[in-house]
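Summary of structural features
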Amino acid sequence: MSAIEMQKIAKLIKEGDYKIAEELLKVILEELPHNRTAHFLFGMLLAKTGMLEEAETEFFNLVKDDRRDAEALCALAIVYRWQGKLKDALGTFNEAIDLDPTRYEFYRYVGDIQILEKNLKAAFMAYAKAIECNPDFASAYNNLGIVYFEMNEINKALNAFQQAISRESGNEMFHYNYAIALEANGQLQEAVHEYEIAVGITPYWTSARLNFGSILAKLEQLDRAGSAFDIILDEDPFNADGWNNMGIVLAKQGYREEAIRHFNRALEERSGYDLARRNLDSVKNDADPKVDFAVAGMILDQEIDILFTQPKPDFKPLSGDFMGIEIPHLVTFMNYLKEIINFLPEQQKMAFNQSDIRIRMEYILNTFMGHRGILREIQDLHLKQQPLMNPRTKQLEKTSPVQESAGQPDGGEAADGMLNAVEIADFLTYLGTLSSNLPDPALTKYLTEKIKTVVSAMR
């Protein structure tokens, strides 16, 4: 099984294309019944599709064959974790760490289990070790922040969440946890800001909306608080917490009967809902009712996945020059033009992305870089590996040793199977035509002159 096939199957599993991945793996395992990688991928497939006992058997057999396979040990530990076998998972993760103490993900997984087991000091040590191995590991900072928070070290928790956000600012969970810690520290306005970021990223996130609305109500911004709870109930009309919290806002606004109706609806949606029952009784019996919001707690970043190191295919970029232009410079220039396409008006960009010329562009670049086989990730093409001809010297430059099956993309090669200068010149001319649609006239002029120079040299 080639590295490219392995990457393709791993990608299919990651993206949820389980049926196709299974068909490919069955073919490989029929031919290579003892292939370790195929069995590892099959174990991943079983785990992702919920067949945890079968996945456990698959990974256990890999570990039995090689007790020093840290990757298989980690996969087995993750399956144990998903099955709720926390002590088995912890012991297996520690075995994997003994074999490869540099894998920072292993420590993160250990920390997560220690939190679930309420061993906060052990969790602290695990996350600290993960950060020591990888100072940019945002998830470890987030989870460390939760440990500090549970240990009532609020300032340290705030700092840990800030570190997580500084490394991954687009993660709504980090902003959400940071907001909870800010609220606990009495920094309500700052907490509102963080919740706004979280719900800006994930608008219909119930937990964030619940907490966001409760803080707004504490700040006497009742209309905004009611809007937050309205969004929850519009999206999920069976949400008992949303009905409870909206009832509190109505009670604070003086709408006693409406508040009572909302608390009753909360009790309908969740029988035995003590919080809604207490709030209902308080509103019915007291002139100044004591009511409590339903709020959600912090969330561990538990995006736990089976680690799989995908070896890269061997390739060797071409050196030297092509038609008097150094190949690395030509590749840099073409990649630059490729990026420029993103700034075209939407219609031209779409036309380019859907055209055969895009396939030719990838083909030319990959040929120069020596790994033409990855074109199969772009389109279902089987390329014929050919040498690259330099017409000036008639010397053959060898491309990647990876051999592909016969066949060629339309227009991607010359009739004799070799790239030639005219093809590349035509391609660059096409990009030059597209560049005339760029909004910056100065950039258009610069690109046009640059392309003309390169095309002239090649022709």
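Quick caveat: nothing in here was measured; it's all calculated off a predicted structure.

A few points about the environment of T332
Turning to its location among the elements, T332 is positioned in helix α18 (residues 327–340). Judged by its relative accessible area of 54%, T332 is exposed. In this structure, the C-alpha to C-alpha distance between T332 and L365, residues 33 residues apart in sequence, is 9.5 Å. A polar atom in the side chain of T332 sits 2.9 Å from the backbone oxygen of P328.

What to know about the confidence of the model for the chain
Of the residues in the chain, 81% reach a pLDDT of 70 or more, and the chain-wide mean stands at 82. No element of the chain has a lower mean pLDDT than strand β4 (residues 395–397), at 31, and none a higher one than helix α11 (residues 172–184), at 97. Here residues 372–418 is a poorly scored stretch, pLDDT under 50, and it has 103 contacts once near neighbours within four places are set aside; other chains count.

Details of the pattern of salt bridges
Applying the stated criterion across every chain yields a total of 17 salt bridges. A salt bridge links E132 to K129, with the shortest nitrogen-to-oxygen separation between them at 3.2 Å. One end of the pair, E132, and the other, K129, are both in helix α8 (residues 120–133), three residues apart, so they sit about a helical turn from each other. We note a salt bridge from R270 to D241, for which the minimum N-O separation is 3.2 Å. Of this pair, R270 sits in the loop between α16 (256–269) and α17 (274–285) while D241 sits in helix α15 (residues 240–252), and the two are 29 residues apart along the sequence. What makes R270 partly exposed here is its relative accessible area of 34%. One salt-bridge network, in which partners are shared between bridges, spans R36, D69 and E71.

Considerations on the packing of aromatic side chains
One pass over the full model with this rule turns up seven aromatic pairs. Ring centres of Y104 and F137 lie 4.8 Å apart, and the angle between their planes is 70 degrees; on these two criteria the pair is classed as edge-to-face. On the criterion of sequence distance, the pair formed by Y104 in helix α7 (residues 104–116) and F137 in the loop between α8 and α9 (138–150) is long-range, its members being 33 residues apart. Three or more aromatic residues joined by ring pairs make a cluster, and in this case those are Y176, Y195 and W205.

Cut-offs applied
Residues numbered from 1 in each chain as written. Predicted model: local features only at pLDDT ≥ 70, side-chain atom pairs only at ≥ 80, totals over all residues. Heavy atoms only, no water. Helix = DSSP H or I, 4+ residues; strand = E, 2+ residues; numbered from the N terminus. Buried < 20%, exposed > 50% of the residue type's maximum accessible area, 1.4 Å probe, protein only. Polar contact = N/O pair within 3.5 Å; in protein donor to acceptor, adjacent residues only side chain to side chain. pLDDT = per-residue confidence, 0-100. Contact = heavy atoms within 4.5 Å. Salt bridge = Lys/Arg side-chain N within 4 Å of Asp/Glu carboxyl O. Phe/Tyr/Trp six-rings, centres within 6.5 Å; stacked < 30°, edge-to-face > 60°.

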